[in-house]
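Tertiary structure, described
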Amino acid sequence: MTDHTAPIGPIENRPTALRTHLCGVLRGSDEGAKVRVCGWVGRRREHGEHLAFIDLRDHTGVIQCVIDTKVDVRSEWVIAIEGTVRRRPEGTVNPGLDTGEVEVGDCTVVVLNEAEPPPFSVDDRDESDEQVRLRYRYIDLRRPRMQRNLRLRARVNAAIRAAMDRQGFCEVETPLLWAPTPEGSREFSVPSRLHHGSFYALPQSPQLAKQLLMVGGFDRYYQIARCLRDEDLRADRQFEFSQLDMEVSFATQDDVMAYVSEAVLDAAEAATGERPPPITHMTWADALDRFGTDKPDLRFGMELVDLAAEFEKTEVRAFSGSHLKALCVPGGAALTRSRLDALGEQAKRAGAAGLAWFRVTAAEGASATLALDSPLDRFLSDTERVALLEKTGAKEGDLILAVSDTHRIACTTLGTLRAALGSPPVGQGPHCYVWVVDFPMFDGVDAGGNPQPAHHPFTMPYEDDLPLLDTVPFAVRSQAYDLVLNGWELGSGSVRIHRRDIQSRIFDTLGISTEEAEKRFGFLLSAFRYGAPPHAGFAFGIDRLAAVLAGEENIREVIAYPKTQSGADLLTGAPGALPASALAELGIRTVPSPGTAST
Ligand code: ASP
């Protein structure tokens, strides 16, 4: 499990004009040193009227200071203490604390700033209400866990920058106030004061800007970019987030994956002290077939198995779908009936007609060793029963779950159940990175029945698959790739289309007319008329990477000022109303939202 208080890297002493030492650096070897330490008053223990022990805290840790004159200091006051480092008396050494061998004695206390009592204790990692933590984020940030998380994130950023720089990439900043980008998420719009009725879009990513940089001859671009998406928030999603965004010319998907792997592995090593093994590759089709998702969590097994052939002539009516997939839940026979019913409901929500389950028990007769306990058991033939047990590798006490449906639904449903039943907490187990490659070019259809791009409309199909565009577009594979870590999609990228003939064929398939394409991304298409090199790129979410490396389930824990699930910033009260004068300046009149009583 992650130790959320372990320091990130060695702590160096950094004296300033106001202090000689940071609190967390003092050790037995400093015995006798005259020091001046500064920080916040943490825990305090009074012994009689004239003796107090104060834990003085800064971002590097705490140091015990023994005060034997009467001073009035309270929790979270900011103070400086001058004194002498001495070894703690026998029996009072605290091995759980890096500075636990020593204390500062003969202290003179200078109060630098008084403080009101804090709304929650900084030193206890009691799970204070998150709303209160966010309302007083500046106090929450003093906590060791938040200090560690944000410092870990800073290391991740520094390692990424160093890796990209070393690989010849040039950091270029791109605009935040820009035109809409065709990446599928809802965008934030910013009204123009100078052009009433006109709006900028805040970029979902610098996608088009970076492709234009390739036309501009930059060859290798990267940026730790802020991206904004007006989408429902959840544990791994915020309105604004940071990506390592990169693009490279005259390169293939293997080149891109190598550059990004280097940056990710460097970042992981900087954050954890250990370099993960080289990142493996898996095709999208394989990920779906074996794990039921394009974001496989490889920390555990429970792989899906295919039983279509064995059940081709089955009498079981519930198994009349075109594909039968199953998985084994180790020890799952202990799940209660109501839990199994709940899994059945979850399967239905995932799109399946139903879920079949089989508890694996010891057989009573001498001939067989295992039996199945399930309402469906009596409809199974002996060969089907054996196939279920053998293919899933189930043992006594396990549970077999099976879904019969289309291949896609059978896989994705079991994939959802596999994650729900098997995924360890984020901070547990190894970090398993995997590249998922060969995504389909299209995924689903729009209201008009046109195929929709699985990545974005500028993604290059495999040239070998181009003839399929007019016949079976859903069979066309794209040169798109995702990076996945422990079941989280870290990021995605693709080789881009740089040839106009292929781009128009893709627009045709997507049902985008020449006029519409010209209107939405004419500036990109026109740039492509002036010598666009073949190029490819990628972007991955730094918030997600930092959260996994920090062992945090929620990306809010690695963001200094996150928004709540409902999009509110509890610290500042944003979003808030604008005064009428500001609205008038922007040429905007607001209307009450539906359901708001008019006055
Ligand atoms: N712009 C894409 C994204 O943000 C990544 C890429 O294709 O480079 O997902």
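Further up the page is the structure itself.
Residue numbering note: each chain is counted from 1, following its sequence as written. pLDDT decides what is reported in this predicted model: residues at 70 or higher carry local features, side-chain atom pairs at 80 or more are listed and counted, and totals for whole chains, interfaces and linings draw on all residues regardless. With hydrogens and water excluded, all non-hydrogen atoms of the structure serve as input to the side-chain values.

1. Observations concerning unusual backbone geometry
- In this model, alanine 574 is joined to proline 575 through a cis peptide bond whose omega is 0°.
- For proline 575, the position within the fold is in the loop between helix 12 (542-550) and helix 13 (580-586).
- Although it is not a glycine, glutamate 76 sits at a positive phi angle of roughly 70°.
- Secondary structure follows DSSP: runs of H or I at least 4 residues long count as helices, runs of E at least 2 residues long count as strands, and numbering of each begins at the N terminus. Tracing the backbone through its elements, the reader meets glutamate 76 in the loop between strand 3 (61-67) and strand 4 (78-87).
- One non-glycine residue, aspartate 106, lies in the positive phi region at around 50°.
- When you line up the elements, aspartate 106 lands in strand 5 (residues 102-113).
- The buried label applies to any residue whose accessible area, calculated with a 1.4 Å probe on protein chains only, is under 20% of its type's maximum; exposed applies above 50%, and partly exposed to all values in between. You can call aspartate 106 exposed: its relative accessible area is 55%.

2. Thoughts on the environment of glutamate 553
- Examined against the element boundaries, glutamate 553 turns out to sit in the loop between helix 12 and helix 13.
- In this structure glutamate 553 comes out as partly exposed when scored by relative accessible area, which is 44%.
- Sequence separation between glutamate 553 and tyrosine 136 is 417 residues, and the spatial gap between their C-alpha atoms is 21 Å.
- Working rule for contacts: check all heavy atoms of both residues, and any pair within 4.5 Å makes them a contact. The contacts of glutamate 553, once residues within four sequence positions are left out, are Ala235, Pro425, Val426 and Trp488.

3. A word on the sheet that holds strand 20 (residues 480-485)
- At least two DSSP bridges between two strands are needed for those strands to be called paired. Ordered in space as 6-9-10-22-21-20-17-11, the eight strands form an open sheet in which the pairing is mixed. Strands with a single pairing partner mark the edges of an open sheet, and in this sheet they are strand 6 (170-171) and strand 11 (280-283).
- For strand 9 (residues 220-228) and strand 10 (residues 240-249), the ladder comprises nine bridges, and the chain directions are antiparallel. Paired with alanine 225 across the bridge in strand 10 is glutamine 243.
- Angles shown run from 0 to 180 degrees and are taken between the N-to-C directions of axes, each axis being a line fitted to C-alpha atoms and, for helices, limited to the stretch in contact. Sheet strands touched by helix 4 (residues 207-215): strand 9, strand 10 and strand 22 (535-541). Its angle to strand 10, the strand with the most contacts, is close to 25°.

4. Thoughts on the sheet that holds strand 15 (residues 370-373)
- Read from one edge of the open sheet, five strands run 12-13-16-14-15, paired in antiparallel fashion. Looking at strand neighbours, the two that pair on one side only are strand 12 (305-306) and strand 15, the edges of this open sheet.
- Bridge analysis of strand 14 (residues 356-362) against strand 16 (residues 399-405) gives four bridges, and the strand direction is antiparallel. When the sheet's bridge partners are listed, tryptophan 357 is paired in strand 16 with leucine 401.
- On top of the sheet, helix 9 (residues 407-422) reaches strand 13 (323-329) and strand 16; it is set at about 10° to strand 13, its chief contact.

Everything listed here is a matter of coordinates, which is why it stays silent on function.
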